[in-house]
Amino acid sequence: MFRSLRVHDYRLWASGAIVSNVGTWMQRTTQDWIVLTRLTQHDALAVGITTALQFGPQLFLSPVTGLVADRVPKRLLLSITQAVMGVLGLALGVLVLTGTDTLVEVYGFALLLGITAAFDAPARQSFVSDLVGPDDVSNAVALNSASFNLARLLGPAVAGLLTEAVGPGWVFVLNAASFAAVLTSLRFIHAPGVDVGGRPSRSFKDIGEGFTAVASRRDLLIVFVLVALMGTFGLNFAIYASTMAVLFGQGATGYGLLSSALAVGAVTGALLSARRPAPRFSLLVLAGALFGIGLLLGSAAPSYLALAIVLPLVGVAAQTFMTTANGLVQMGVGREVRGRVMALYMATVMGGTVVGGPAVGWVANAFGPRQGLLIGAVAGVLTAIVGAVYVRRHAGAAEPVLHTD
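Residues numbered from 1 in each chain as written. Predicted model: local features only at pLDDT ≥ 70, side-chain atom pairs only at ≥ 80, totals over all residues. Heavy atoms only, no water.

K.L.:
Quick one: what's the story with the overall build of the chain, residue by residue and with numbers?
P.N.:
Within the chain, the secondary structure is distributed over 16 helices and zero strands. Taken against the 2.2 N^0.38 rule, which gives 22 Å for 405 residues, the C-alpha radius of gyration of the chain at 20 Å falls within 12% of a compact globule. Its C-alpha atoms put the chain at 50 × 45 × 40 Å along the principal axes. Buried residues in the chain amount to 59% of all 405 residues. (Helix = DSSP H or I, 4+ residues; strand = E, 2+ residues; numbered from the N terminus. Rg over C-alpha atoms; globule rule 2.2 N^0.38 Å. Buried < 20%, exposed > 50% of the residue type's maximum accessible area, 1.4 Å probe, protein only.)

K.L.:
So what about helix H7 (residues 168–187)? Which residues, and what values?
P.N.:
In this model H7 runs 31 Å from its N-terminal to its C-terminal C-alpha over 20 residues, within 8% of the 28 Å that 1.5 Å per residue would give. Regarding H7, the residues found buried are Pro168, Gly169, Val171, Phe172, Val173, Asn175, Ala176, Ser178, Phe179, Val182, Ser185 and Leu186. (Expected span 1.5 Å × (residues − 1).)

K.L.:
Which residues make up the packing of helix H4 (residues 74–97) against helix H5 (residues 103–131), and what are the values?
P.N.:
Contact geometry of H4 with H5 gives a least axis separation of 9 Å together with a crossing angle of 155°. As summarised for this structure, H4 and H5 are arranged roughly antiparallel, according to the angle between their axes. Once H4 is placed against H5, the crossing between them reads as left-handed. The residue inventory of the contact of H4 with H5, partitioned by class, reads 15 nonpolar, four polar and five charged. (Axes fitted to C-alpha atoms, helices over the stretch in contact; angles between N-to-C directions. Parallel < 35°, antiparallel > 145°, perpendicular 65-115°, else oblique. Left-handed = near helix turned anticlockwise from the far one by under 90°. Nonpolar A, V, L, I, M, F, W, Y, C, P; charged D, E, K, R; others polar.)

K.L.:
Quick one: what's the story with the side chain of Asp70, residue by residue and with numbers?
P.N.:
Among the structural elements, Asp70 can be located in helix H3 (residues 62–71). At 2.7 Å, the side chain of Asp70 forms a polar contact with the side chain of Arg340. (Polar contact = N/O pair within 3.5 Å; in protein donor to acceptor, adjacent residues only side chain to side chain.)

K.L.:
So what about the packing of aromatic side chains? Which residues, and what values?
P.N.:
Evaluated as defined, the whole model comprises seven aromatic pairs. Arranged with centres 5.6 Å apart and planes meeting at 80°, the rings of Trp362 and Phe367 form a pair that is edge-to-face. Within the aromatic cluster, the residues linked to one another by ring pairs are Phe237, Tyr240 and Phe291. The ring of Trp25 is capped by Arg28, whose NZ or CZ atom sits 5.0 Å from the centre of that ring. When the ring centre of Phe188 is taken as origin, the NZ or CZ atom of Arg187, which lies over that ring, is 5.5 Å away. (Phe/Tyr/Trp six-rings, centres within 6.5 Å; stacked < 30°, edge-to-face > 60°. Lys NZ or Arg CZ within 6 Å of the ring centre and 35° of its normal.)

K.L.:
Give me the lowdown on a nonpolar patch on the surface, citing residues and values where you can.
P.N.:
A contiguous nonpolar patch, built from Leu286, Leu290, Ile293, Leu297 and Leu313 and spanning about 410 Å² of accessible area, is present on the exposed surface. In terms of residue count, the dominant contributor to the nonpolar patch is helix H12 (residues 281–299) (four residues). Within the element layout of this structure, Leu286 appears in helix H12. (Patch = residues over 30% accessible without salt bridge, like charges linked within 9 Å, V, L, I, M, F, W, Y side chains within 5 Å. Areas by Shrake-Rupley, 256 points an atom, 1.4 Å probe, with all protein chains shown as cover. Salt bridge = Lys/Arg side-chain N within 4 Å of Asp/Glu carboxyl O.)

K.L.:
Would you mind going over the packing of helix H10 (residues 237–247) against helix H16 (residues 369–393) in detail, with residue names and values included?
P.N.:
Two quantities define a packed helix pair, namely the angle between the axes and the distance from one axis to the other. Remark: H10 packs on H16, axes separated minimally by 9 Å, with the N-to-C direction vectors making an angle of 150°. With respect to their mutual orientation, H10 and H16 come out roughly antiparallel. Helix-helix and strand crossings are classified by hand; for H10 and H16 the assignment is left-handed. In this structure, H10 contributes Tyr240, Thr243, Met244 and Leu247 to the contact, and H16 contributes Pro369, Arg370, Gly372, Leu373 and Gly376. Taken together, the residues of the contact of H10 with H16 sort by class into five nonpolar, three polar and one charged. (Contact = heavy atoms within 4.5 Å.)

K.L.:
How would you sum up the side chain of Gln82? Please name residues and give values.
P.N.:
Tracing the backbone through its elements, the reader meets Gln82 in helix H4. Residue classification places Gln82 among the buried positions, given a relative accessible area of 5%. When residues no more than four places from it in sequence are discounted, the contact partners of Gln82 are Ser20, Asp120, Phe179, Val182 and Leu183.

K.L.:
Describe the UniProt feature "transmembrane region" (unreviewed entry) in the chain, with residues and values.
P.N.:
As annotated by UniProt and renumbered to match this structure, "transmembrane region" (unreviewed entry) occupies residues 76–97, 220–240, 252–274, 281–298, 304–329, 341–360 and 372–391. End-to-end, the C-alpha atoms of residues 220–240 are 30 Å apart, and along that stretch the chain is 86% helix and 0% strand. (UniProt positions renumbered as here; feature names shortened; annotations may be inferred.)

K.L.:
Describe the pattern of salt bridges, listing the residues and the values that go with them.
P.N.:
In total, this model carries four salt bridges according to the counting rule given. We note a salt bridge from Asp101 to Arg38, for which the minimum N-O separation is 2.8 Å. On the criterion of sequence distance, the pair formed by Asp101 in the loop between H4 and H5 and Arg38 in the loop between helix H1 (8–37) and helix H2 (44–60) is long-range, its members being 63 residues apart. Judged by relative accessible area, Arg38 falls into the partly exposed class, the value being 40%. Between Arg340 and Asp70 there is a salt bridge; the shortest N-O distance is 2.7 Å. Linking Arg340 in helix H14 (residues 335–351) with Asp70 in helix H3, this pair joins segments that are 270 residues apart in sequence. For the pair shown, Arg340 and Asp70 are each scored as buried.

This is the structure we're talking about:
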């Protein structure tokens, strides 16, 4: 399960990334909470807009950011993006501490973070596969997801406690400080590929190679379709957790604990994925079905405790789905275009919230938080149905071809 940790450079990266990821989840949780409870009167649509601004740039900038990830040395690119995100977190913290923050300003910081993350995400995703050998890529991807979701387990709970104890401004300041850990780990990594860039870009054809790599492969294209459906209408956890916490009369701590309940399942799902020798398409179908069932149960939860008990199942299903899809995509293309393909992948996952976040937020506002969860449940079931139909029609070629470079 933990075989990638035998690699020195991967251990360094993982140790720095977990600290930074905890800070990032603290900021995300607190940002959504102040939008919902401090800057608006429980407006779920405003939370959806914040989410869309933060993840939308990954949709619109993916052709450029993927090419940058394939051309610029990854250590240099990640050092720049991580430092910029730290500065943005510090600036937002100062605004909140001085009481000068407004909804428009939070929107602005969400957008700037989104632009920076659009350059960071494809480099970070493909960077992991550069640190380990080809036999450990699937394991490294799964452990990276486990680290991210362990941070999602700790971050929201810590953010909720600190928000009530010392105020949200200090949460943003602590997030800014957390980036020092990943910047330090980057400094001491010595894998040969991290300081090597690709050949210079000479035409728009270079930008389009990521699209071509996916469009020419029916097996990968269906993975992108399933991820788009799940990412747009299913993975809106900030809206689910915040609106249901308000429905059950909970404060910031209660909201953070619901997010952490999701993360308990997500960590479990990622570790289970790490045990598998290779990702399999059939797991996407199973995970989609379990995700839909879990959110359906959550929408009918009679109490806060019942909802908290159900959410780990949702987390296991969601993480199994996303880790499997990530592994299939990374291992389905060659290293020379992996950054561009991963940019498209991240655009599909995160960029879908440009539509899905506000839409689910509007449903939660107009019809209630439970109906917002039902939208996600339907997305999970439809994902499973579409995947099952593909498997039935293409039984001999349902599993994508995996590269070992």
